[in-house]
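Notes for the structure review
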Amino acid sequence: MFFQETVSQAPQFFGLVPWIVFFPVIGLLFNIAFGGMILKRSPAGEKIVGWVASIASGLTFVVSVLLLVSLLGHPEGMVVPLAEWIKIGSFSANWSFQVDTLSVVMMLVVSIVGTLIHIYSIGYMHEDVRHNGDPGRYGRFFVFMNLFIVSMMILVSADNYLMLFVGWEGVGLCSYLLIGFWYDKGEDGIGNAVAGKKAMITTRIGDVGMLLALFAMFWAFGSLDFNTIFAKAPQVAAASPVIILLITLFMLVAVTGKSAQIPLYVWLPDAMAGPTPVSALIHAATMVTAGVYLVARSADLYILEPQAQFMVTLVGSATALFAATIAVGQFDIKKVLAYSTVSQLGFMVAAVGMGAFVAGMFHLVTHAFFKGLLFLSAGSVIQGVERGAHHIEHDPKLKKQSKSLGPDFDPQDMRNMGGLRSRMKVTFWVYLIGAISLSGLPPLAGFWSKDEILAEANKLYIWAYVLLAIAAIFTAFYMTRQVLMVFFGKPRSAAAEHAQESPPVMTIPLMILAGLTVLGGLINLPEFHTLEHWMEHTLGQAIHKAEFVMLVAALSTVLALLAIVAGWWFYNPRRYEAFWAEPAAKRPDDPLRRLIGPLFELWKNKYWIDELYWAAILNPYIALSRFLADVVDWRFWHDWFHDQALFGGFNRLTGLLAGRIDLGIIDGIANGLGTLAQRVAAVLRSVQTGFVRNYALSIFLGVVIILGYLLLR
Amino acid sequence: MLPIEYYTGLSVILFTLGALGVLIRRNALIIFMSIELMLNSANLAFVSFARSYEGMSGQIFVFFVIAVAAAEVAVGLALIVAIFHTKRNIDVDQINSMKG
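Residues numbered from 1 in each chain as written. Chains lettered and ligands numbered in written order. Predicted model: local features only at pLDDT ≥ 70, side-chain atom pairs only at ≥ 80, totals over all residues.

With that out of the way, let us pick up the interface of chain A and chain B. Facing 11 residues of chain A, the contacting portion of chain B comprises 10 residues. When residues of the side of chain A that touches chain B are assigned to their parent elements, the largest contribution, five residues, is made by helix H28 (residues 692–712) of chain A. In terms of residue class, the side of chain A that touches chain B is made up of five nonpolar, four polar and two charged. (Contact = placed C-beta atoms within 7 Å. Helix = DSSP H or I, 4+ residues; strand = E, 2+ residues; numbered from the N terminus. Nonpolar A, V, L, I, M, F, W, Y, C, P; charged D, E, K, R; others polar.)

Our focus in this paragraph is helix H23 (residues 530–539) of chain A. Residue and element names in this part refer to chain A. Considered for burial, the residues of H23 that qualify are Leu531, Glu532, Trp534, Met535, Thr538 and Leu539. Axial view of H23: buried residues confined to an arc of 160°, hence all on one face. Buried positions along H23 lie against helix H3 (101–131), helix H12 (299–302) and helix H15 (357–393). Note on H23: the residue one or two positions beyond its end, Gly540, has a positive phi of about 50°. (Buried ≥ 20, exposed ≤ 12 C-beta atoms within 10 Å, placed from the backbone. Arc of directions from axis to C-beta.)

So, about unusual backbone geometry. Most peptide bonds adopt trans geometry, and most residues besides glycine take a negative phi value. The residue after A:Ile262, namely A:Pro263, is reached through a cis peptide bond having omega 5°. Considering the arrangement of structural elements, one finds A:Pro263 in the loop between helix H8 (241–258) and helix H9 (267–270). Following A:Pro442, the chain continues into A:Pro443 via a peptide bond in cis, with omega recorded as 5°. Phi is positive for A:Ala260, which is not a glycine, with a value near 55°. Within the element layout of this structure, A:Ala260 appears in the loop between H8 and H9. Positive phi, normally seen in glycine, also occurs at B:Arg88, with a value near 55°. The topology assignment puts B:Arg88 in the segment after helix H3 (57–87). For B:Arg88, a count of 8 C-beta atoms within 10 Å gives the class exposed.

What follows concerns the packing of helix H1 (residues 19–41) of chain A against helix H4 (residues 138–157) of chain A. Angle between the axes and distance between the axes are the two parameters that describe a pair of packed helices. All names here are of chain A. Running from N to C, H1 and H4 point in directions that differ by 170°, and their axes come no closer than 9 Å. Classified by the angle between their axes, H1 and H4 sit roughly antiparallel to one another. Contacts between H1 and H4 involve Ile20, Val21, Pro24, Val25, Gly27, Leu28, Asn31, Ile32, Gly35, Gly36 and Leu39 from the first element and Tyr138, Gly139, Phe142, Val143, Asn146, Leu147, Ile149, Val150, Met153, Ile154 and Ser157 from the second. Its residues assigned to classes, the contact of H1 with H4 comprises 15 nonpolar, seven polar and no charged. (Axes fitted to C-alpha atoms, helices over the stretch in contact; angles between N-to-C directions. Parallel < 35°, antiparallel > 145°, perpendicular 65-115°, else oblique.)

Residue and element names in this part refer to chain A. Pairing analysis gives nine bridges linking strand E1 (residues 78–88) to strand E2 (residues 91–99), with the strands arranged antiparallel. Opposite Lys87, over in E2, you have Ser92 as the bridge partner. Here E1 folds back onto E2, and the loop between the two strands holds two residues, one of which, Gly89, carries a positive phi near 60°. (Pairing = 2+ DSSP bridges.)

With that settled, consider the confidence of the model for chain A. Residue and element names in this part refer to chain A. Averaged over all residues, the pLDDT of chain A is 90; the fraction at 70 or higher stands at 97%. Averaged pLDDT values for the elements of chain A fall to 74 in helix H16 (residues 396–401) and rise to 95 in helix H14 (residues 333–353). Note on residues 1–8: pLDDT is under 50 here. Beyond four places in sequence and across chains, it has 14 contacts. (pLDDT = per-residue confidence, 0-100.)

Here we take up the packing of H28(A) against helix H1 (residues 4–24) of chain B. Where H28(A) meets H1(B), the axes come as close as 8 Å, and the angle between the chain directions of the two elements is 140°. In terms of axis orientation, H28(A) runs oblique to H1(B). For the pair H28(A) and H1(B), the contacting residues are A:Arg693, A:Ala696, A:Leu697 and A:Phe700 in the first and B:Ala19, B:Val22 and B:Leu23 in the second. Within the contact of H28(A) with H1(B), the residues separate by chemical class into six nonpolar, no polar and one charged.

Attention now goes to the environment of A:Gly139. All names here are of chain A. For Gly139, the position within the fold is in helix H4. The class for Gly139 is buried, based on 27 C-beta atoms found within 10 Å. Residues Gly139 and Asn31 lie 108 residues apart in sequence; the distance between their C-alpha atoms is 6.5 Å. Among residues more than four places away in sequence, those in contact with Gly139 are Asn31, Gly35, Gly36, Leu39 and Val49.

Let us look at the environment of A:Phe97. All names here are of chain A. For Phe97, the location among the structural elements is in strand E2. The spatial distance from the C-alpha of Phe97 to the C-alpha of Arg685 is 100 Å, given a sequence separation of 588 residues. Every residue in contact with Phe97, bar those within four places of it in the chain, is listed here: Val17, Pro18, Val80, Leu82, Ser157 and Asp159.

Right, here's the structure in full:
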């Protein structure tokens, strides 16, 4: 649990850890400085910009692997100080990197998935910038992506909560920037910007919880360093358990924001407004799992508070089921995956909540692989359909034939797809691998990690097991529905008819991720429990000994198979085509509606949670803001207080000073003196007759008077 | 020797004549002469008292008066000549351009 610098013979690369941040910083600085110029000057500019960013990300993977090698010899890890940051009195927070088995697992996941997605983006953004009509933004995309890697690496490698918070906010910023990457697109030309704003504000509510947790920790422990806090935690918990409960619950608020749990999950589906690689990297594989990492990192605090653990488990398992049901009712290929992500995050949060930290982290890793894969494949599908639409646009003969492609043709709507299996072979196969893994069929990665969570839930909280098992059934069902709607049957639009496979720069990362999805389960197979033994060095006493329960595994496999069969029954190509062939006016939007119409309406409209938030929180809030702005600020403060009271009062005061006081009194005195002198002079002037004899007479009289006075006194 | 009252009496008469001359006459030259008359009546009083009290200070004072009177005459006559040059007249009632 605690780390000391130890002398050893084995090769140590711990000192390299700051480079996981420096490499992407170099990459993004390069692209900021030269990206625009390269893009303008060189015909291969996009490749240069993209590969610089990808190599910067790839080098972080190399460093992470070197750290892994070092940890094999020194599993206790090390804190690598870089610089002093804040030092106030006895409090200090430094830029130090925590290298231990937990953080290195995160670094590896982030860097390998991140690198593959960077490479994929080279191809994806090439078409995306043209499709959206602004190739100049190509470089900006990779700057933001590298900035995201920087922030995420700061988050996972921090050795104190304050540095973690810097990364936490940094990834939130990148999420905002990338959701709103096409800020001038979307509904009414601001849809994407609104989605970005929604993500920013919703996660900010969670971040307030994070800040409160930081304050509470500082108050209780006087420090924010992981090692200090975890060492002191048992004695603080013994003295006042409430404070630990507060800290852990505030952290839960932060988790619900960042990891999209009830009640703050609403931003994640809207975040699909960003380019698809962003959805894959940030909103599926890495950033949204930061909450899971936070709970796992704070395992020593959570195991002290069963109530907090209960709450986390409740939130996680409720979200898992809730979001899984919504996913069934979606038609947008990315929205299905978005709700699936929310649901799978619920699995992870429930796992770390119930104390199954290894199971949670295991699922985090496998989910990063298969959900990253699914999103990237979805991106490939969308671009394949867009390529089909483009193809039709530029072929007059085809254009005349196909009337279905209006200006509001949605290339993301699964109802416009179908039959892509034969047109996009690679994408189909990798998508199928991802979908099976997510559905939880052995022996793919998703099965092992989900089953470990279910086994733990079965042992610890039986109600959580029930919720999660039902969520798993829904998961298998909606994935079957999606795969059948997208890839099977006949194309339902001309664009899907002419869909084309993506270039190798996109499909090769997909194949690598598919390989990882197949093999990902190996890291923590039952009997071996490699990941568990690996994590033991960091999580120590917080770890549960995982058991493989054959019954649970068999049951979940059977349930998943049943769900797939049910999905096949509803959406098999023959049946779905027959359904689709019915006249549009008579048929509902989905076959499921015939059976469970109201329920499907509920799911399709996401339980009207967005509308509820608007009615209950946002509209009153906006009304309050309007009131404050119009009445309090404008009328009271501006019109009355500022304009009338302050400005008018000042005017009146200065008017008084200038008019009455200055003109009246001061000038009056000065002018009065002048007038007085004039009047006196007018009187005295008449004495000055100019006759010499008059003067002589007055002198004479004066002498007489003075002499008379002198003589007679 | 004549009593002092005779001298002072003469002095008073002369001073009064001089003062009246200054006040009444309009010819600048006559006024000048009247001033000389007043000065000399004062001189007469000075020397009379000096003789009477057998002191020297009165006689010394008379020398000063004569010296100052000589200077005054020089300046005064020069002024009268200058005024006559410009105005062709030395009537003091005509010279009132300094009237306020």
